[in-house]
Amino acid sequence: MDDADALALLPPLQGCLYCHAEGTTTLLPSRQFLGLGSEYATLKCSQCGSTAWLDVDESDLDDWRIRYRRVNRAAPYYYVSIHLGKAGWLTAEAALTISTSGYVQRTRVQQAQHGDLSWLKPIVLSPPPPLMIPGEKTYLALRGVTYHQTSVQGVWSRSEPGVVLDSGKLYVTGEKIYLLGQRRDWAHRLDEIERVDYDEQAWVLYLAAPGQYYRGLRVDGQLDPQLVAAVIAALQASL
Ligand SMILES: [Zn+2]
């Protein structure tokens, strides 16, 4: 097997770690010239348009590193754009783990968008938290959630956080959301939610009541903001 054949077996050349298309990546040799340019080969994907530097030790082909330089930020790539796109250099092991999580994440978002939450396995909390009706199925339990009230004008300005009414753990069931707050407990029917939005840091759930919203930061080990938003929208659509 010559070097080119051996390189072609590297995971990032078999399939794109970012969009998971197969056979769409190519490796362009380093263009360093007179000390200018990158000393690394550039990996390009014709499917998603991402480019990355690939640092390969040809004496040990399992020992490669990757650094994404340009990535596709379209909604299906939400997870990988954060975890691969902004990570700097990643070891082979880290990059492959993130890539797998990114694939699972994207599949789950698509399932939720089609109303399929079978992967979530809702649970009946016993005893139920305050205000919750016994037997209600809990789909999400989210830590570190804040409940805000802005002035009505403030709703249109993202820069105004408003007053924090409460903070605590939010449970999302098939019928309602429940906040176990520091100050008191709150409950709203899912049809009181006007819309759910997300960005890289957080999800935001706007209530129909003017100026009121819930916000939860991205927390490691918890569903990410895009998936939280997709699940809540799916539960609302199934009312
Ligand atoms: Zn790709």
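The structure presented is a predicted model; accordingly, all values stated were derived computationally and were not measured.

What counts, and at which threshold
- Here the residue index of a chain counts from 1 through its sequence in written order.
- The model is predicted, so local features are restricted to residues of pLDDT at least 70 and side-chain atom pairs to those at 80 or more, both for listing and for counting; the totals for chains, interfaces and linings are taken over all residues.
- Numbering goes from the N terminus for both helices and strands, where a helix is a DSSP run of H or I of at least four residues and a strand is a run of E of at least two.
- Counts of 20 or more other C-beta atoms within 10 Å of a residue's own C-beta define buried residues, counts of 12 or fewer define exposed ones, and intermediate counts define partly exposed ones; C-beta atoms are placed from the backbone.
- Two residues qualify as a contact pair if the distance between their C-beta atoms, derived from the backbone, is within 7 Å.
- To estimate the expected span of a helix, count its residues, drop one, and scale the result by 1.5 Å.
- A domain assignment, automatic or from a database, supplies the domain bounds used here.
- Only Asp, Glu, Lys and Arg are considered charged in this grouping, and only Ala, Val, Leu, Ile, Met, Phe, Trp, Tyr, Cys and Pro are considered nonpolar; every other residue, Gly among them, is considered polar.
- One requirement defines pairing of two strands: DSSP has to find at least two bridges between them.
- Put simply, a nonpolar core is a cluster of buried Ala, Val, Leu, Ile, Met, Phe, Trp, Tyr and Cys residues tied together by C-beta atoms within 7 Å.

Draft legend 1. Examining the environment of Q212 more closely. Structurally, the position occupied by Q212 is in strand 13 (residues 212-217). A count of 19 C-beta atoms within 10 Å places Q212 in the partly exposed class. Between the C-alpha atoms of Q212 and S151, which are 61 residues apart in sequence, the distance is 8.8 Å. Not counting residues up to four positions away in its chain, the partners in contact with Q212 are H148, Q149 and L207.

Draft legend 2. Spatial organisation of unusual backbone geometry. For the peptide bond that leads from S126 to P127, omega is 0 degrees, which places it in the cis range. Within the fold, P127 resides in the loop between strand 6 (123-124) and strand 7 (137-149). The backbone phi angle of L131 is positive, close to 80 degrees, even though this residue is not glycine.

Draft legend 3. The arrangement of helix 4 (residues 92-113) in detail. Here helix 4 is 22 residues long and its end C-alpha atoms lie 32 Å apart, about the 32 Å a rise of 1.5 Å per residue gives. Regarding helix 4, the residues found buried are A95, I98, S99, G102, Q105, R106, R108, V109 and A112. Looking at the buried positions of helix 4, the neighbouring elements they touch are strand 4 (64-70), helix 3 (78-83), strand 5 (90-91) and helix 5 (225-237).

Draft legend 4. Molecular detail of the domain arrangement of the chain. By the assigned domains, the chain splits into domain 1 (3-113) and domain 2 (118-237). Each partner contributes to the interface: domain 1 provides 9 residues, whereas domain 2 provides 8 residues. At the level of elements, helix 3 and helix 4 are the ones that each hand at least two residues to the side of domain 1 that touches domain 2. With 6 residues, helix 4 is the largest single contributor of residues to the side of domain 1 that touches domain 2. Across the side of domain 1 that touches domain 2, the residue classes tally to 5 nonpolar, 3 polar and 1 charged.

Draft legend 5. Broad picture of the sheet that holds strand 4. Pairing within the open sheet is antiparallel, and its 5 strands lie in the order 1-2-3-4-5. What marks the edges here is a single partner per strand, and that holds for strand 1 (25-28) and strand 5. Judged from the 4 bridges that link them, strand 2 (residues 41-45) and strand 3 (residues 51-56) form a sheet pairing that is antiparallel. Across the sheet, A41 pairs through a bridge with L54, a residue of strand 3.

Draft legend 6. Layout of the pairing of strand 7. When strand 6 meets strand 7, the two strands line up antiparallel, connected through 2 bridges. Looking at the pairing, V124 lines up with K137 of strand 7. Bridge count between strand 7 and strand 8 (residues 163-173): 9 bridges; the pairing is antiparallel. Each residue of the ladder has a partner; that of T146, found in strand 8, is S167.

Draft legend 7. Region of interest: the nonpolar core. Judged by nonpolar contacts, the single largest core of 27 residues is most densely connected at L170, V172, V228, V231 and I232. Here this core takes 7 residues from helix 5, the largest share from any one element. The contact partners of L170, leaving out residues within four places of it in the chain, are L142, V145, I177, Y178, L179, Y214 and G216. Counting residues in hydrophobic clusters, the runner-up holds 23 residues, among them L17, Y68, Y78 and L84.

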